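Listed below, chain by chain, are the residues.
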Amino acid sequence: MKTANGRLRIVSGTVIDGTGKPPVAGSEVHLEDGLIRHVGPCAGASDPLATVVDASGCTVLPGLVEAHFHPTYFNVAALEDLDIKYPIEYVTLLAAANAKLALECGYTSARSGGSLHNIDVWLKKAIEEGLAPGPRMAASGREICGAGGLMDWNPEYRKIGMEGLVLLVNGPGEARAAVRKLVKDGVEWVKTYPTGDAAAPDTNDHHTLCMTFDEMNAVVATAHNHGLKVTGHCRATEGIRNALKAGYDAVEHGTFMDQECLDLLLSRDVPVVPALYFEKASIERGPEFGMSQRVIDGHRETLEGGIESAKMILRAGGCLGMGGDYGFAWNPHGDYAKELTFFVKDVGFSPLEVLTCATRNGAKILGRLNELGTLEAGKLADVLIVKGNLLSDISLLEKRSNIVAVIQGGEIKAGTALDSGNRAVRGPSLR
Ligand SMILES: [Zn+2]
């Protein structure tokens, strides 16, 4: 991604650097040529050539990482819509709009949690080349699921598969073949479905396995051979255990953890992205969209299990990322920060813990902690400035009118700082 030329100074803000350290008031962040140059008390003389952003009354933090992003899920009210409602051309445009929205909400990086067709790979390229605004992405392309599993919902009489969204596999041979397709597609993460979900209570509920251990092992061996990472939708305890034993690099949801799973998780420091607000939204808004009581009851059980597991992982010192499965009608794109509020209000994490998960841990999951995720000299200048004190009210992040600046690679890409007449910004770049 192209980085900005020139210097930018963020002054008078309260800085949360993303490392987990407490905030520092009246701190400065200096950016130069797209990199962070200095974080701390005002250093040296004033710089007449720098653009200055006055961040008084604001929180300054690293750009957020959406760690489970579905750019091609277009706020569907029924899963079936994902695969058949629109042609690839239109879904691509919707995905570009979702990526732009995520950036405007303060998310300067995102890890795809699965995509229709291979759209996220090309979206990532367009963002990297500056053709479309959006988070720095890690792509995963089509998802892998066992035949007859959660993502294989078209009955046989329809005589259509799931080519757009999912590669369906029967046995380790087909699992290997599916990964090899993804290798050619250019993904970085292989997203699989070891388990079902409350959304499919009849045949693939949240306690059902949707892939065999052999299939999962074949996926991991093939993916690792080609340098790809593997993750999976894991709700049932046995599915989580299988994923960890097979060598998965991350676990999505990790809903029903037990002590054995926790020990396996910690032994390799495998990150988990719970994506829990989705469950709450499903329970609260499901009836509006015709969700059955069985499905809602399943989401409630998932929510309760997920909260306990997330607490267990945090207490044990495990790595949690913040991502929300946004892209459903009851959980639409743009609501990303509701996940953060949820973790403070409903799960009981401290705001600082949640922000560390959403910044440093997100970068760690992306494998880019050396470049992103904390405000430290030498890293890429991805910085967020938000009006108000996030530690006393994390929900400030939910309102885009509170986002003063989303800075990516040293350039202000979104936020009220760009509004004409905004006096918070002054300096050479505004000539
Ligand atoms: Zn997902």
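Bear in mind that the values here come from a model prediction, so they are computed numbers and not experimental data. Numbers given for residues are sequential positions, taken from 1 along each chain in its written order. Owing to the predicted nature of the model, reporting of local features is limited to residues with pLDDT of at least 70; listing and counting of side-chain atom pairs is limited to 80 or more, with chain, interface and lining totals taken over all residues.

1. Describing the domain arrangement of the protein chain
- Domains are outlined according to an automatic or database domain assignment. What the domain assignment lists for the protein chain is domain 1 (7–63 + 373–430) and domain 2 (64–366).
- Its C-alpha centre places domain 1 at a distance of 31 Å from the equivalent point of domain 2.
- We call two residues in contact when their backbone-placed C-beta atoms lie within 7 Å. If you look at the interface, domain 1 gives 23 residues, while domain 2 gives 25 residues.
- Starting at the N terminus, helices and strands are each numbered in turn, a helix being any DSSP run of H or I of at least four residues and a strand any DSSP run of E of at least two. Where the side of domain 1 that touches domain 2 is concerned, the elements lending two or more residues are β5 (58–62), β16 (403–408) and β17 (411–414).

2. Here we look at the packing of helix α6 (residues 237–246) against helix α7 (residues 259–268)
- To obtain each axis, a line is fitted to C-alpha atoms, and for helices this fit is confined to the stretch in contact; angles are then taken between N-to-C directions over 0 to 180 degrees. One can describe the packing of α6 onto α7 by two numbers: an axis separation of 10 Å at closest approach and a directional angle of 25°. Comparing the axis directions of α6 and α7 gives the class roughly parallel. For the pair α6 and α7, the crossing hand works out as left-handed. Here Thr 237, Ile 240, Arg 241, Leu 244 and Lys 245 of α6 come into contact with α7, specifically with Glu 260, Cys 261, Leu 264 and Leu 265. Angular relationships are summarised with four words: roughly parallel below 35 degrees, roughly antiparallel beyond 145, roughly perpendicular across 65 to 115, and oblique for the angles in between. Should the near helix be turned counterclockwise from the far one by less than a right angle, the crossing is left-handed, whereas a clockwise turn marks it as right-handed.

3. Remarks on the environment of Leu 150
- Tracing the backbone shows Leu 150 in the loop between β9 (143–146) and β10 (166–169).
- The spacing of Leu 150 and Trp 330 is 180 residues in sequence and 20 Å in space, taken between C-alpha atoms.
- Filtering out sequence-adjacent residues up to four positions away, Leu 150 remains in contact with Cys 145, Tyr 193, Gly 196, Asp 197, Ala 200, Asn 204 and Cys 210.

4. Some words on unusual backbone geometry
- At Ser 12, a position not held by glycine, the phi torsion is positive, near 65°.
- Considering the arrangement of structural elements, one finds Ser 12 in strand β1 (residues 7–15).
- Within the chain, Asp 33 stands out as a residue other than glycine whose phi angle is a positive 50°.

5. Quick look at the sheet that holds strand β8 (residues 136–138)
- Only strands joined by at least two bridges in the DSSP assignment are considered to pair. Spatial strand order, β6-β7-β8: three strands in an open sheet with parallel pairing. Each end of this open sheet is capped by a strand with a single partner; those strands are β6 (64–69) and β8. Adjacent strand axes in the sheet meet at a mean angle of 15°, parallel and antiparallel pairs treated alike.
- Sheet analysis places strand β7 (residues 107–112) next to β8, joined by three bridges and oriented parallel.

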